[in-house]
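Listed below, chain by chain, are the residues.
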Amino acid sequence: MLISHKNRLLSLYRIAAKYRLDTHFADVPELAPLARLIRLHPAGIGKSHNPLGIKLALEEMGTLFLKLGQLLSTRSDLLPPDIIAQMSLLQDKVAPFDVSIVKSQIEQPKTGLGKPISELFARFDDKPLAAASIAQVHTAALHDGREVVVKVVRPDIKAVIIADFELLREMAAWLSARMEAARAVHVIDIVEEYRQIMLNELDLTLESANATKMRNNFTGSRLIYVPEVYLASPSVMVSERIFGVPISKTDQFDKLGYDRAELAKNGLTIFFTQVFRDNFFHADMHPGNIFVETLPDGTAVANPRYLGLDCAIMGEMSREDQLVVARLLLSVMNGNYTTLVDIIAQAGWIPPSTDKHALIKDMARTVSPMVSKPMSELDFAGILFEILNIARRHQMSIPPQLMLLLKTLVHVEGLGRELYPQLDIWSLAKPILTAWVKDQLDPVKNLNDIKAKAPELLLSTTELPKLISQGVQSMATLGARQDKELRELQALRADFLNQKRHDWIALGGFITFIAIGLTVPIWWVGVIFHLLAVGFVVWRVLV
């Protein structure tokens, strides 16, 4: 019950009033009582609508709500553009926690590394390099001289997040019971989905595995470098220290003499390579996670690479979804919106009753500017939001992993625009996509894939006799059971017929008794008996 979270609810109530959150959903009839309640709180007296109220409120509400806002910023299919815009501004800058607690976390035997700081590191810097809502980072050096960064999860944060998610789930259930819109978007499922994402972020062994996989995917690459992870536990991760410039600081690239057009082109190539070659893409590519390589002293390097950090949230798709996405993008590039809608329908993303002609017109009107104008003149995110509004109107169901991909594409486009506004994203992407689709549909390649899997298929055939024997045995058992049931049915039918025969005899006797009792002529009794006998025979034949 919500009452069990009374203190937390009162705190959230005060923050909601302070930033006048009621003004952001005043036009939602189902939430009108909640809006009136927020307006009654003293913290909101004298305050008016705050354009950034949702962003500021989520930051003050704490880690869970801040991170939830960041995650919801990827769900443009659920929320209007003005709210999404606020959530996209959420920052992860919070006050650091004490270094003594950091060291205690590292030395913990179960969740940490289980060894003294002096045994693990030749040097450990007390001042944090960065502090975020989930963890903070310190620089250090190993005993062999390697420079490292040590990421440590905030203490007791898991219990706080779990408790807040219990409250959030009860709030979602409350909304679902009262709002059709909440039920339509499966708000309870969304809360559960984000709960798992958040808990995964708290386990640095998962981030370590993601970073290692991404590093292996780009071994020897001149496009991107992923730092090596040396040690990892649920709450501590030690990885190679790298040096670079955040992708958002484009003025420094000019000072370093870096070719911004080449960097933009490389960034787009990395994105499509991750999505289509590796099917494992970084789904949190905000400027704080993407750097460009420099020397440790901040000077330029020849042929600078991207540096991939914070691999907590990664995306994957099925091969079928990969093909759908590639074909959708190619349809957009070719201006073929009929094919675009046909692909969406074949993927099962729209109900059979959808007006495809209307959907084709909406898509053509909205999407065509994406390929007819240069990137510098496009509001890519705005167009994407409009596409998602079209999806809502036509009851289109978009898979969650595709939403992660779309959010990542918006980040990539935004980074590319900052780096080099003249970048032609479509002319670069089209040959990559075309080659990949041809490769996936190549019959020779598919035949070779079958040949490669032949040993596995042949090994599986050794189970065939056993499976056939089990199948025959099951059929025999089923047949015996059916025979038994048939016999039981026949016995029941015989009992039923016997009972009916007894009923006819009893009825005949009863009529005879009545006839005698009423002094009816005896010959009438014979007539009645014969009629009953004939009726019984006819009934017996028909049954």
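Placed above this text is the structure.
What you see is a predicted model; the values in this text were computed from it and never measured.

Here the focus is the overall build of the protein. In terms of helices and strands, the protein carries 23 helices and twelve strands. Counting the 543 residues in the protein, one finds 41% classified as buried. Counting only contacts in the protein whose residues sit at least 6 apart along the sequence, the fraction spanning at least 24 positions is 68%. Accessible surface for the protein amounts to roughly 29200 Å². Of this, 61% is attributable to carbon and sulfur atoms.

Quick look at the sheet that holds strand 11 (residues 306-308) now. With mixed pairing, four strands are arranged side by side in an open sheet as 5-11-10-8. With partners counted over all chains shown, the strands left at the sheet margins are strand 5 (224-225) and strand 8 (244-246), one partner each. Across two bridges, strand 5 lies against strand 11 in parallel orientation. Across the sheet, the residue bridging to isoleucine 224 is tyrosine 306, located in strand 11. Here helix 13 (residues 260-278) sits on the sheet in contact with strand 5, strand 10 (290-293) and strand 11, set at roughly 35 degrees to strand 11.

Looking at the element boundaries, glutamine 322 is found in helix 14 (residues 319-334). A relative accessible area of 6% means that glutamine 322 is categorised as buried. At 3.4 Å, the side chain of glutamine 322 forms a polar contact with the backbone oxygen of phenylalanine 276. If sequence neighbours within four positions are ignored, glutamine 322 has contacts with Val275, Phe276, Asn279, Met317 and Trp436.

Ranked by internal contacts, the top residues of the largest apolar core, which has 110 residues, are Phe276, Tyr306, Met363 and Met396. The element contributing the most residues to this core is helix 14, with nine residues. Counting 15 residues, the second-largest nonpolar core is a separate cluster that includes Val102, Leu113, Leu120 and Val152.

Two elements in contact, helix 13 and helix 14, have axes whose closest approach is 10 Å; the angle formed by their N-to-C orientations is 135 degrees. It follows from the interaxial angle that helix 13 and helix 14 lie oblique. Facing helix 13, whose interface residues are Phe272, Val275 and Phe276, helix 14 presents Gln322, Val325, Ala326 and Leu329. Class assignment for the residues of the contact of helix 13 with helix 14 results in six nonpolar, one polar and no charged.

Within the secondary structure, proline 29 is located in the loop between helix 1 (6-18) and helix 2 (32-40). You can call proline 29 exposed: its relative accessible area is 64%. Note: C-alpha distance between proline 29 and methionine 179 (150 residues apart in sequence) is 9.5 Å.

All right, on to empty space enclosed by the protein then. Tallied over the full model, the rule gives two cavities of 30 Å³ or more. As a volume, the second largest cavity reaches approximately 170 Å³. As for the second largest cavity, its lining consists of 19 residues, of which Gly267, Leu268, Met285, Tyr306 and Leu415 are closest to the centre. Mapped by element, the contributors of at least two residues to the lining of the second largest cavity are helix 13 and helix 18 (400-419). Class assignment of the residues belonging to the lining of the second largest cavity gives a composition of 14 nonpolar, four polar and one charged.

The subject of this paragraph is the pairing of strand 10. It is a general feature of regular strands that their side chains alternate between the two faces of the sheet. In this sheet, strand 10 lies alongside strand 8 in antiparallel orientation, the contact comprising three bridges. Note that in strand 10 the partner of glycine 244 across the bridge is glutamate 293. The sheet contact formed by strand 10 and strand 11 spans three bridges and is antiparallel. Paired with isoleucine 290 across the bridge in strand 11 is glycine 308.

We now examine the packing of helix 1 against helix 3 (residues 53-61). At a minimum axis separation of 9 Å, helix 1 and helix 3 run at an interaxial angle of 155 degrees. It follows that helix 1 is roughly antiparallel to helix 3 by the angle criterion. Crossing of helix 1 over helix 3 shows right-handed handedness. Touching Arg8, Leu12, Arg14, Ile15, Ala16 and Lys18 of helix 1 are Ala57, Glu60 and Met61, all from helix 3. Residue composition of the contact of helix 1 with helix 3, grouped by class: five nonpolar, no polar and four charged.

Cut-offs used in this document
Residues numbered from 1 in each chain as written. Predicted model: local features only at pLDDT ≥ 70, side-chain atom pairs only at ≥ 80, totals over all residues. Heavy atoms only, no water. Helix = DSSP H or I, 4+ residues; strand = E, 2+ residues; numbered from the N terminus. Buried < 20%, exposed > 50% of the residue type's maximum accessible area, 1.4 Å probe, protein only. Contact = heavy atoms within 4.5 Å. Areas by Shrake-Rupley, 256 points an atom, 1.4 Å probe, with all protein chains shown as cover. Pairing = 2+ DSSP bridges. Axes fitted to C-alpha atoms, helices over the stretch in contact; angles between N-to-C directions. Polar contact = N/O pair within 3.5 Å; in protein donor to acceptor, adjacent residues only side chain to side chain. Core = buried A, V, L, I, M, F, W, Y, C linked by side-chain atoms within 4.5 Å. Parallel < 35°, antiparallel > 145°, perpendicular 65-115°, else oblique. Nonpolar A, V, L, I, M, F, W, Y, C, P; charged D, E, K, R; others polar. 1 Å grid on protein atoms, 1.4 Å probe; cavity = no way out; pocket = protein on both sides within 12 Å on 5 of 7 lines; lining within 4 Å. Points joined across faces, edges and corners; volume = space filled by probe spheres on them. Left-handed = near helix turned anticlockwise from the far one by under 90°.

Without other data, these values stay purely geometric and don't point to any function.
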